[in-house]
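Notes for the structure review
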Amino acid sequence: MRRADAFVPAPGRVVAVMGATRSAGAATVATRLAETAALQGPGPAMLIDLELPAGSIGARLQLSGGPNMGGLLQKTAEPITDDVIARVAQRYHGAMEVMPAPFSPAMISQVDPDPQRLADILDNLIGRGYFVVVHLDSRVNPLNLCVLQRAETIWIASAEDGQAGTQLLMKELTAAGIRRELILPTQGMPS
């Protein structure tokens with residue numbers, strides 16, 4: 001996929017955004033990508049904040065508290081259905097919805113999130129034609145790998161002086177089996 005093609009929203013796709021560091025601006029990049037996809041269509045866009053244990057997108061977009069990805073990813077016998085996703089998804093505007101991370105670490109249980117539940121969520125959204133943008137933290141772990149293995153493009157955001165951090169994260173991702181050609185630094189994003 002060429003860089004310019006990464007911005008053409010198409011339904012049923014996943015794009016991931018990671019920060020080389022927590023302060024790299026990945027949440028801003030992910031939000032901008034989801035808004036662009038929602039505005040350009042042709043299908044709906046879903047922004048998922050997986051910066052756990054607490055994310056910043058929900059507060060930044062002034063979403064209400066309540067059900068969030070932390071609770072949805074807890075292992076349970078309840079299958080992932082459209083209704084279960086609708087309990088967490090909040091309409092931000094037009095064709096864009098957001099599934100926020102918990103606003104604070106105290107809002108999640110001590111149990112690790114279940115990657116299979118995340119896989120079921122992504123499969124559901126892709127199957128319904130969503131352009132899914134997932135904001136990840138900077139770790140390579142089983143939960144993030146679930147997204148990264150489905151992503152058609154992985155954007156790496158870094159602080160202005162963060163080339164070393166970007167290179168390190170790219171190395172970790174390729175060591176985890178992610179194809180290098182899918183990983184792009186946000187410095188190469190068209191305006």
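This text goes with the structure placed above it.
In short, a report on the structure. (Residues numbered from 1 in each chain as written. Predicted model: local features only at pLDDT ≥ 70, side-chain atom pairs only at ≥ 80, totals over all residues. Heavy atoms only, no water.)

1. Looking at the sheet that holds strand 7 (residues 183-185)
Inclusion rule: Strand pairing is assigned whenever DSSP detects at least two bridges linking the two strands. A run of H or I in DSSP counts as a helix once it spans at least four residues, and a run of E counts as a strand once it spans at least two, with each numbered from the N terminus. Under this scheme, a helix contributes an axis fitted over its contacting stretch, all axes are lines through C-alpha atoms, and angles between N-to-C directions fall in the 0 to 180 degree range.
What the 7 strands build is an open sheet, ordered 3-4-2-5-1-6-7; its pairing is mixed. Strand pairing shows two members of the sheet lacking a second neighbour, strand 3 (90-93) and strand 7, which therefore form its edges. Taken pair by pair, the neighbouring strands of this sheet meet at an average axis angle of 25°, ignoring direction. Bridge analysis of strand 6 (residues 153-157) against strand 7 gives 3 bridges, and the strand direction is parallel.

2. Describing the environment of G165
Put simply, the rule is: For every residue, the accessible area (1.4 Å probe, protein chains only) is compared with the maximum for its type, and the residue is labelled buried under 20%, exposed over 50%, or partly exposed between those bounds.
Structurally, the position occupied by G165 is in helix 7 (residues 163-175). Relative accessible area serves as the criterion here: at 25%, G165 is assigned to the partly exposed category.

3. What about the side chain of T31?
Rule in force here: Polar contacts, as counted here, are pairs of nitrogen or oxygen atoms within 3.5 Å of one another; within protein the pair requires one atom able to donate a hydrogen and one able to accept it, and residues that are adjacent in sequence qualify only if both atoms are side-chain atoms. Here, two residues are considered to be in contact whenever any of their heavy atoms come within 4.5 Å of each other.
Among the structural elements, T31 can be located in helix 1 (residues 26-40). T31 gets classed as buried once you look at its relative accessible area, which sits at 6%. At 2.8 Å, the side chain of T31 forms a polar contact with the backbone oxygen of A27. Ignoring sequence-local partners within four residues, the contact set of T31 consists of L47, I57, L61 and M96.

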